[in-house]
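Architecture and fold: a report
The primary structure of each chain is shown beneath.
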Amino acid sequence: MNESTSLRQSWAEALRAPLEVVPDFVHRPYVGGHEVRRFRRAPSRGDDHRTEEWLGSVVPAGNPDPDGRPQGLTTVRDQDGRMVKLKDLVEAFPEEMLGANFADRYGAKMGFLVKIISLSAPGPVQTHPSGDFAKRHLHQDHGQAEAWVILDVEAGNEARAPAGIGFGSGVHHDDLVAAIEQGSSEGMRSLLRRTTVAAGETWLIRPGVPHYLGGGVLFIEIQEPSDCSVVAEHWGIGADESGATMGLGWERALDAFDFPEPGEAGGGDVERAHQRPSWVRERGQNQEDRLIDSAAEAPFDVRGIDVCLLYTSPSPRDFS
């Protein structure tokens, strides 16, 4: 009996009830995580390198846990306390977990990954590869488009946090090489178009677009199911060339960055990244909005739902 058959026999009945997602705080090279645990009502431990909580993940993190174990694959628990990897359930029950139409079209795999992230210091300048780059050089099925849904900035105040998205006009390959060789964070960030983000906003970062987020930000990240980054500002996270380039070396890895065409005005990546929510439907005082512009052609969709909960005082017979 293979593992998939065994899972189908032992877990078929459990899928009739909700499954609990086991919290999974992933170790990353940058610092944060306190606001994620506060948001998730998990025990507080301050900021550390457990910066991200991964939800609905069927792909492992690109970096192992400090003790060498793989990390990132979501675990779920049934009502009897049994636990299993979500990836194994999706592969054993594609129709039940994903829907018959989706499974028939795409197979037993999910098209997204969700993270909750908080940064206590600015993240490094980096980019993520396109699908073509990932297939050609990394032998992976997906690139990494990602969307940021900003939940909070500076622990609840109304300030905006700094960010950089896309190269400025006139920046070319040699400028990025020089900034990497100099090892200056300010020099590296000066190559990008600077902007700010605030709670309630959604930003879509397309593959190839360099970016960073400032510290003090709590956000949900929805992305393609991969963990691929070329980290140009690698000294900020203590990564060597191999770690910063996914083992490709700088000459190949820098091909993952999109540079402005000669004469192209800067700022376009910032404008394309900032999304404008659109109304989808409402029922009573509840409303659903699409958070990513339909013209953005993202490989996933993100919806926001405002729910109005009405409470009434119970009558005596409600306790009978």
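Residues numbered from 1 in each chain as written. Predicted model: local features only at pLDDT ≥ 70, side-chain atom pairs only at ≥ 80, totals over all residues. Heavy atoms only, no water.

This brings us to the pattern of salt bridges. Evaluation of the coordinates by the stated rule reveals 26 salt bridges. The salt bridge partner of R45 is D48, with a shortest N-O separation of 2.7 Å. Given a relative accessible area of 54%, R45 falls into the exposed group. The network of salt bridges with shared partners includes R28, E52, K115, E221 and D227. (Salt bridge = Lys/Arg side-chain N within 4 Å of Asp/Glu carboxyl O. Buried < 20%, exposed > 50% of the residue type's maximum accessible area, 1.4 Å probe, protein only.)

Overall, antiparallel pairing links the three strands, which are arranged β15-β16-β17 in an open sheet. Two strands lie at the open edges of the sheet, namely β15 (278-283) and β17 (303-306), each paired on one side alone. Neighbour to neighbour, the strand axes of the sheet diverge by 20° on average, direction disregarded. (Pairing = 2+ DSSP bridges. Helix = DSSP H or I, 4+ residues; strand = E, 2+ residues; numbered from the N terminus. Axes fitted to C-alpha atoms, helices over the stretch in contact; angles between N-to-C directions.)

This part is about the confidence of the model for the protein. Overall, the predicted model of the protein reaches an average pLDDT of 91, with 93% of residues at or above 70. Within the model, pLDDT remains below 50 along residues 315-320, and this stretch shows one contact once partners closer than five positions in the same chain are excluded. (pLDDT = per-residue confidence, 0-100. Contact = heavy atoms within 4.5 Å.)

Attention now goes to helix α7 (residues 173-182). For an α-helix, the turn length of 3.6 residues means that residues three or four places apart are oriented alike. What α7 keeps buried is the set L176, A179 and I180. Down the axis of α7, the sector holding all buried residues measures 100°, keeping them to one side. Those residues of α7 that are exposed and angled more than 90 degrees off the buried face are D174, E181 and Q182. Buried residues along α7 sit against β9 (161-167), α8 (185-189) and α10 (250-253). (Arc of directions from axis to C-beta.)

Another aspect to go through is the pairing of strand β13 (residues 217-223). Taken across its seven residues, β13 has six buried, putting it largely inside the fold. Pairing of strand β6 (residues 113-119) with β13 involves seven bridges; the strand directions are antiparallel. Following the sheet pairing, I117 is matched in β13 by F219. Taken together, the seven bridges between strand β8 (residues 146-153) and β13 define a ladder with antiparallel strand orientation.

The description of two aromatic rings rests on the distance between their centres and on the angle between their planes. A complete count under the given rule lists four aromatic pairs for this structure. Both rings, one in F102 and one in Y106, keep their centres 4.8 Å apart while their planes meet at 45°; by these two values the pair is tilted. A residue pair is termed a helical-turn pair when its members lie 3 or 4 positions apart in one helix, as F102 and Y106 do in helix α5 (residues 100-106) at four residues. Judged by relative accessible area, which is 41%, Y106 ranks as partly exposed. Ring centres of F167 and F257 lie 6.1 Å apart, and the angle between their planes is 35°; on these two criteria the pair is classed as tilted. Remark: F257 occurs in the loop between α10 and α11 (268-273) and F167 occurs in strand β9; sequence separation between them is 90 residues. Classification of F167 as buried rests on a relative accessible area of 4%. (Phe/Tyr/Trp six-rings, centres within 6.5 Å; stacked < 30°, edge-to-face > 60°.)

Right, let's talk about a nonpolar patch on the surface for a bit. Together, I305, V307 and L309 make up a nonpolar patch on the protein surface, roughly 330 Å² of accessible area in all. Topologically, I305 is positioned in strand β17. (Patch = residues over 30% accessible without salt bridge, like charges linked within 9 Å, V, L, I, M, F, W, Y side chains within 5 Å. Areas by Shrake-Rupley, 256 points an atom, 1.4 Å probe, with all protein chains shown as cover.)

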